[in-house]
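# Observations on the model geometry
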Amino acid sequence: EAGVAQSPRYKIIEKRQSVAFWCNPISGHATLYWYQQILGQGPKLLIQFQNNGVVDDSQLPKDRFSAERLKGVDSTLKIQPAKLEDSAVYLCASSPRQGVFTGELFFGEGSRLTVL
Amino acid sequence: AQKVTQAQTEISVVEKEDVTLDCVYETRDTTYYLFWYKQPPSGELVFLIRRNSFDEQNEISGRYSWNFQKSTSSFNFTITASQVVDSAVYFCALSEAGDYKLSFGAGTTVTVRA
């Protein structure tokens, strides 16, 4: 079974530029999460999708971050304009349908963003 | 407010020593779930164990064991006879009933030396 795919693995941009990250979850997983992991810290949830609907985006900085999950499969996370403090690893995770939540999230390898 | 606290930042041991990782959590829910995840250098977080709040029985799974104590809000994790491949960052996480998401602690870096 293929795991969670993310791209790009690494991205370096100047502040005020924009960037987009892509995630393809495990086939059949209805729930998709984007986490932000700043160096030395634990992952922090940015947004949670159930199919193509947003369940929780309370910690997403909506003035610069946006995310979508078209057709309930792939997802894109965008940052525009980027700030220095956005330097982090952006982790995508998926889990089976919400009714059988076990807490076992399947994570991708992450996209490491460096903002200069 | 911080829901999960991992006070240990780094632990270094020699191979075959036991390693115990501390985790203290905070929640007002009576039903919740606690987890341990491992993040090796590759970066991909891997699920290790889960414990429900209504089951305080401690268990052992291979070289992993955990000690869940509601009275002290602690969920400690032990690796027995550590190996070099156990070197990673370990995260404790909490999920409160109904929210289907994880709140992670800051992590503990474990280094196992040969």
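Residues numbered from 1 in each chain as written. Chains lettered and ligands numbered in written order. Predicted model: local features only at pLDDT ≥ 70, side-chain atom pairs only at ≥ 80, totals over all residues. Heavy atoms only, no water.

When you go through chain B residue by residue, the secondary structure sums to zero helices and twelve strands. Its C-alpha atoms give chain B a radius of gyration of 14 Å, near enough to 13 Å, the size a compact globule of 114 residues would have. Based on the C-alpha atoms only, the size of chain B along its principal axes is roughly 45 × 25 × 20 Å. Scored against the burial criterion, the 114 residues of chain B give a buried share of 43%. Partitioning the contacts of chain B with sequence separation of at least 6, the portion at a separation of at least 24 is 55%. (Helix = DSSP H or I, 4+ residues; strand = E, 2+ residues; numbered from the N terminus. Rg over C-alpha atoms; globule rule 2.2 N^0.38 Å. Buried < 20%, exposed > 50% of the residue type's maximum accessible area, 1.4 Å probe, protein only. Contact = heavy atoms within 4.5 Å.)

Tallying each qualifying case throughout the model produces 17 aromatic pairs over all chains. Centre to centre, the rings of Tyr35(A) and Phe104(B) are 5.6 Å apart; their planes meet at 85°, and the pair counts as edge-to-face. Pair noted here: Tyr35(A) is in strand β4 (residues 31-37) and Phe104(B) is in strand β11 (residues 103-104), and the two residues belong to different chains. Under the relative-accessibility criterion, Tyr35(A) is labelled buried at 0%. Judged by its relative accessible area of 9%, Phe104(B) falls in the buried class. Ring centres of Tyr37(B) and Phe47(B) lie 5.8 Å apart, and the angle between their planes is 75°; on these two criteria the pair is classed as edge-to-face. With Tyr37(B) in strand β5 (residues 32-39) and Phe47(B) in strand β6 (residues 46-52), this pair connects stretches of sequence that are ten residues apart. In this structure Tyr37(B) comes out as buried when scored by relative accessible area, which is 0%. The exposure class assigned to Phe47(B) is partly exposed, which follows from its relative accessible area of 22%. Cluster of aromatic residues (ring-pair linked, three or more members): Tyr33(A), Tyr35(A), Phe107(A), Phe35(B), Tyr37(B), Phe47(B), Phe91(B) and Phe104(B). (Phe/Tyr/Trp six-rings, centres within 6.5 Å; stacked < 30°, edge-to-face > 60°.)

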